[in-house]
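What follows is the residue order along each chain.
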There are 2 protein chains.
Amino acid sequence: MPQTSISILGIPGLPEVRPGDDLASTIASTVRLAGDDLRDQDIVVIAQKIVSKAEGRLVRLSSITPSPAAAQWAKEFDKDARVVEVVLAESRRVVRMERGIVISETSHGFVCANAGVDTSNVPDGYVSLLPEDPDKSAARIRDSLERELGVKLAVVICDTFGRPWREGLVNVAIGVAGIAPLIDYRGQVDSYGRALHVTVIAIADELASAAELVMKKRDGVPVAVVRGFEYERRAASSSELIRHESLDLFR
Amino acid sequence: MPQTSISILGIPGLPEVRPGDDLASTIASTVRLAGDDLRDQDIVVIAQKIVSKAEGRLVRLSSITPSPAAAQWAKEFDKDARVVEVVLAESRRVVRMERGIVISETSHGFVCANAGVDTSNVPDGYVSLLPEDPDKSAARIRDSLERELGVKLAVVICDTFGRPWREGLVNVAIGVAGIAPLIDYRGQVDSYGRALHVTVIAIADELASAAELVMKKRDGVPVAVVRGFEYERRAASSSELIRHESLDLFR
């Protein structure tokens, strides 16, 4: 069809990522090994887990002493008290803590389950934390990739978050570099010539969701490329995606 | 790159949709006019607005008499009392109603702003409602398209919803036909051989978000095709995407 067309490409064959790895180099050589390249305007979407691993954001549970409160709550809901302790330590505010579920606000301002602390796809006895500054991680990876490959890119770091009211997780953006995460259509007119209201689209989250369609099973393919999508290239921060507390009806 | 690859194709040139139109026919002939076809396994993603229009789900505001409560609230927040009245009539329960914002649960069970009532991209003096039964709408369109084009398809009807805690709207699925809206990875193991927890992915929502990337500006391109995505073909309902009240911490 002669129309707008976007491709989402999964990048397979990435080796297991370890603390200290240069993720940009690993991605660049995996792309090269596949006999391909990245192109100007490509958006590289990277699963949080491998960014956290490369940055050594892993906590050995045997090093954690749970607080009495964490121990009590963990016992009540049959959870690992050390994991609960790490979750609370990663939370700057607890939004809900009931029925064995912790929804909290991370230091970055993201509201999500378990403050982004995850026990899957990490070595036994460890949990992973979110990157300390996912925007900085995204910017660093983008800079390296652009230098190494000689193209202009955007990078989105993503994680799967749950949502109130709806079942299932969806992939969202937790770090961005080189792409405006929101598109604001306010001030433009609809097809009847009237101003569009409330029409800010969270494009970075939609890109993350699109990328998840090829990532599948979470960490099977932790890197995807979105090609053919036109976007506003600029310095940006994932904090633009976080609703200010004063405007949020569900804090 | 020799890997998983998905295409998202916007279908341009759809004529203005009017009440009573056969949307499947319109889509089929628009695809043909573009000199192309749909293929087996394609997922046709359709913006709610044109489904509502075809089904005559438009309300003339001059026919509405606001209740005193709606009038009072509208006055306080500088809203059109007739729109507020329609929103409340479309709500089976109000979740939040403050600062000029109504978050409510629709008859379908969706929790969203204004019960899905929308004033943009409709004729002057009208508002649009969500389809009465978006799954049924999706099934009807799918059946017609399959019959007319001789291929096996899935259909997702989508709308842009806001979310707590995050800025910007994202496209989500409000009706599905022929595709399981959730993928459940529980019971599968991660790359370290341990069971994956909490790994149900809302694939229909991610498909809707992916489609929005080519729809842009909401109703500029109200139909998109996702090609190359493998999915579970089965009878399905968007109600699977709605978290049961008893499991929801934010009702």
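Heads up: these notes are all about the structure in this document. (Residues numbered from 1 in each chain as written. Chains lettered and ligands numbered in written order. Predicted model: local features only at pLDDT ≥ 70, side-chain atom pairs only at ≥ 80, totals over all residues.)

As for the nonpolar core
Thought 1: Residues Val156(A), Leu207(A), Ala224(A), Val156(B), Leu207(B) and Ala224(B) are the most contacted members of the largest nonpolar core, which totals 154 residues.
Thought 2: Setting aside its immediate chain neighbours within four residues, Leu207(A) contacts Ile43(A), Val45(A), Val156(A), Ala173(A), Val226(A) and Leu213(B). (Core = buried A, V, L, I, M, F, W, Y, C linked by C-beta atoms within 7 Å. Buried ≥ 20, exposed ≤ 12 C-beta atoms within 10 Å, placed from the backbone. Contact = placed C-beta atoms within 7 Å.)

Observations regarding the sheet that holds strand β5 (residues 101-106) of chain B
Residue and element names in this part refer to chain B.
Thought 1: Across the sheet, three strands lie side by side as β4-β5-β6; this open sheet has antiparallel pairing. Whereas interior strands pair on both sides, the edge strands pair on one side only; in this sheet they are β4 (91-98) and β6 (111-113). Shown here is a sheet whose adjacent strand axes are inclined to one another by a mean of 25°, direction ignored.
Thought 2: Both β4 and β5 contribute to a ladder of six bridges, which runs antiparallel. The partner of Ser-91 across the bridge, within β5, is Thr-106. (Pairing = 2+ DSSP bridges. Helix = DSSP H or I, 4+ residues; strand = E, 2+ residues; numbered from the N terminus. Axes fitted to C-alpha atoms, helices over the stretch in contact; angles between N-to-C directions.)

Focus: the pairing of strand β12 (residues 223-227) of chain B
Residues and elements named next belong to chain B.
Thought 1: Counting buried positions over the five residues of β12 gives four, a clear majority of the element.
Thought 2: Bridging between strand β2 (residues 43-47) and β12 involves four bridges; their strand directions are antiparallel. Paired with Ile-43 across the two strands is Val-226, which belongs to β12.

Things to note about the relation of the copies chain B and chain A
The operation linking the two copies of the chain is a rotation about an axis combined with a translation along the axis.
Thought 1: Expressed as a screw transformation, the operator carrying chain B onto chain A has a rotation angle of 180° and an axial translation of 0.0 Å, and the superposed copies differ by an RMSD of 0.0 Å. What the superposition gives is, in effect, a two-fold axis relating one chain to the other.
Thought 2: By residue overlap, the copies meet face to face through one surface: 100% of the interface positions of chain B are interface positions in chain A. (Least-squares fit on C-alpha atoms with pLDDT ≥ 70 in both.)

By themselves, these figures tell us nothing about what the structure is for.
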